[in-house]
Amino acid sequence: MRLAPLLQAPIAIQVHVLAAALAILLGAWQFLARKGSVPHRIIGWAWVVLLASICLSSFFIPGSLFIGPVSVFHVLSVYTLWALAMGARAARQHDVASHKSYMIWIYGLSVILSALIAAGSSGGVLHQVFFPAR
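Reference entry: report on the structure contained in this document. All of these numbers come straight from a predicted model, not from anything done at the bench. (Residues numbered from 1 in each chain as written. Predicted model: local features only at pLDDT ≥ 70, side-chain atom pairs only at ≥ 80, totals over all residues. Heavy atoms only, no water.)

### Overview of the packing of helix α3 (residues 38-58) against helix α4 (residues 72-92)
Moving on, step 1. Interaxial distance between α3 and α4 falls to 9 Å at its minimum, and their mutual angle equals 160°. As the angle between them shows, α3 and α4 are arranged roughly antiparallel. Handedness of the crossing formed by α3 with α4: left-handed. In contact with Trp45, Trp47, Val48, Leu51, Ala52, Cys55, Leu56 and Ser58 of α3, α4 contributes Phe73, His74, Ser77, Thr80, Leu81, Leu84, Ala88 and Arg92.
Moving on, step 2. Here the residues of the contact of α3 with α4 are counted per class, giving 11 nonpolar, 4 polar and 1 charged. (Axes fitted to C-alpha atoms, helices over the stretch in contact; angles between N-to-C directions. Helix = DSSP H or I, 4+ residues; strand = E, 2+ residues; numbered from the N terminus. Parallel < 35°, antiparallel > 145°, perpendicular 65-115°, else oblique. Left-handed = near helix turned anticlockwise from the far one by under 90°. Contact = heavy atoms within 4.5 Å. Nonpolar A, V, L, I, M, F, W, Y, C, P; charged D, E, K, R; others polar.)

Below, the structure is given as structure tokens:
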């Protein structure tokens, strides 16, 4: 692993990767922590802000896996923004089952799976970080 490709990347990519790394950590914490507590709510809102930052910064990152003028990741960002709003709404309405479902899907699909795809896509910054050329 080497950080040089990330440190030399445009600011949008740096913000995106930093927010994603923090979202992975905070998301894992949320799954392990006691639900409904004040810390859960505070960390949850921080996680929502991180996810929104990830989504918004993605629109400034040209990517691969294009479908016409947009990337698969851009479509995922739109879905994630919608799902965040729905998950937050469910939490405010005390609909625990819906809130849990939205947040699990967001974490698994939008955070973990997309990070694995990005790291595995040759030519991308994350691929260069985790699989440096020799």
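### A closer look at the packing of aromatic side chains
Moving on, step 1. As enumerated under the stated definition, the model contains 4 aromatic pairs in all.
Moving on, step 2. Ring centres of Trp47 and Tyr107 lie 6.5 Å apart, and the angle between their planes is 40°; this geometry places the pair in the tilted category. Remark: Tyr107 occurs in helix α5 (residues 96-120) and Trp47 occurs in helix α3; sequence separation between them is 60 residues.
Moving on, step 3. For Trp47, a relative accessible area of 6% gives the class buried.
Moving on, step 4. Ring centres 5.8 Å apart and planes at 75° place the aromatic pair Trp82 and Tyr102 in the edge-to-face group. Of this pair, Trp82 sits in helix α4 while Tyr102 sits in helix α5, and the two are 20 residues apart along the sequence.
Moving on, step 5. In this structure Trp82 comes out as partly exposed when scored by relative accessible area, which is 46%.
Moving on, step 6. The exposure class of Tyr102 is partly exposed, given its relative accessible area of 21%.
Moving on, step 7. Counting every residue linked through ring pairs, the aromatic cluster contains Phe31, Trp47 and Tyr107. (Phe/Tyr/Trp six-rings, centres within 6.5 Å; stacked < 30°, edge-to-face > 60°. Buried < 20%, exposed > 50% of the residue type's maximum accessible area, 1.4 Å probe, protein only.)

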